[in-house]
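# Report on the structure
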Amino acid sequence: MNCTEFQAGLHGYFHGPCSDERRAELDGHAAGCGPCGDLMSLCREISCQEFVEFLDRYVAEELEPERRAVFERHLSICSDCTSYLDSYRKTMRLSVQALREVSFPADVPAELLQAILAARRRG
């Protein structure tokens, strides 16, 4: 197995499907190849699901520096999460833009309007 084949097999390794034989091949390559072993270690730091669970805090820059570094290492090796993050940011920008364009009837009490907008910001 070469490094390109190893990298191509990582998604299946962590997210399935991946046979026991294939797992053993990937583990063996990682054990004998320093860069691929490092890559395997990075992949074990945080899964794609965990990445998504903390995405709001990451984008809001509310993660502790150590956790943020783990996220950024994950982004450096995971094109799926990089695409997801880009899509998430675009969606948030469009949502904010849409909220700015919302108009309410003049007779809506200001307190109600503020409560609605605050609830939308909290998501």
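Up top is the structure.
Summarised in this report is the structure supplied together with it. If you're wondering where the values come from, they're calculated on a predicted model, not measured in any experiment. (Residues numbered from 1 in each chain as written. Predicted model: local features only at pLDDT ≥ 70, side-chain atom pairs only at ≥ 80, totals over all residues. Heavy atoms only, no water.)

### Describing the pattern of salt bridges
- Counted by the stated rule, this structure contains five salt bridges.
- The shortest N-O distance in the salt bridge between Arg73 and Glu45 comes to 2.6 Å. Pair noted here: Arg73 is in helix α6 (residues 65-77) and Glu45 is in helix α3 (residues 34-45), with a separation of 28 residues, a long-range link.
- Among the residues examined, Glu45 registers a relative accessible area of 32% and is labelled partly exposed.
- Close ionic contact of Glu64 with Arg57 constitutes a salt bridge, the shortest N to O distance being 3.0 Å. (Salt bridge = Lys/Arg side-chain N within 4 Å of Asp/Glu carboxyl O. Helix = DSSP H or I, 4+ residues; strand = E, 2+ residues; numbered from the N terminus. Buried < 20%, exposed > 50% of the residue type's maximum accessible area, 1.4 Å probe, protein only.)

### Description of the packing of aromatic side chains
- Within this structure, the stated rule accounts for five aromatic pairs.
- A ring pair is formed by Phe51 and Tyr58, whose centres lie 6.3 Å apart and whose planes are at 50°; its orientation type is tilted. Grouping residues by exposure puts Phe51 and Tyr58 together as buried.
- Through successive ring pairs, a cluster of aromatic residues spans Phe51, Phe54, Tyr58 and Phe71.
- One residue, Arg68, lies across the ring of Tyr58, its end atom 4.4 Å from the ring centre. (Phe/Tyr/Trp six-rings, centres within 6.5 Å; stacked < 30°, edge-to-face > 60°. Lys NZ or Arg CZ within 6 Å of the ring centre and 35° of its normal.)

### Comments concerning the environment of Tyr84
- Of note, Tyr84 is situated in helix α7 (residues 79-100).
- Between the C-alpha atoms of Tyr84 and Cys3, which are 81 residues apart in sequence, the distance is 25 Å.
- Apart from the residues lying within four places of it in its own chain, the contact partners of Tyr84 are Val52 and Leu55. (Contact = heavy atoms within 4.5 Å.)

### Here's the deal with the side chain of His29
- Here His29 is to be found in helix α2 (residues 20-32).
- Classification of His29 by relative accessible area gives buried; the value is 13%.
- In this structure, His29 is in contact with Met1, Asn2, Cys3, Phe6 and Cys36, ignoring residues within four places of it in sequence.

The values are spatial; any link to function lies outside them.
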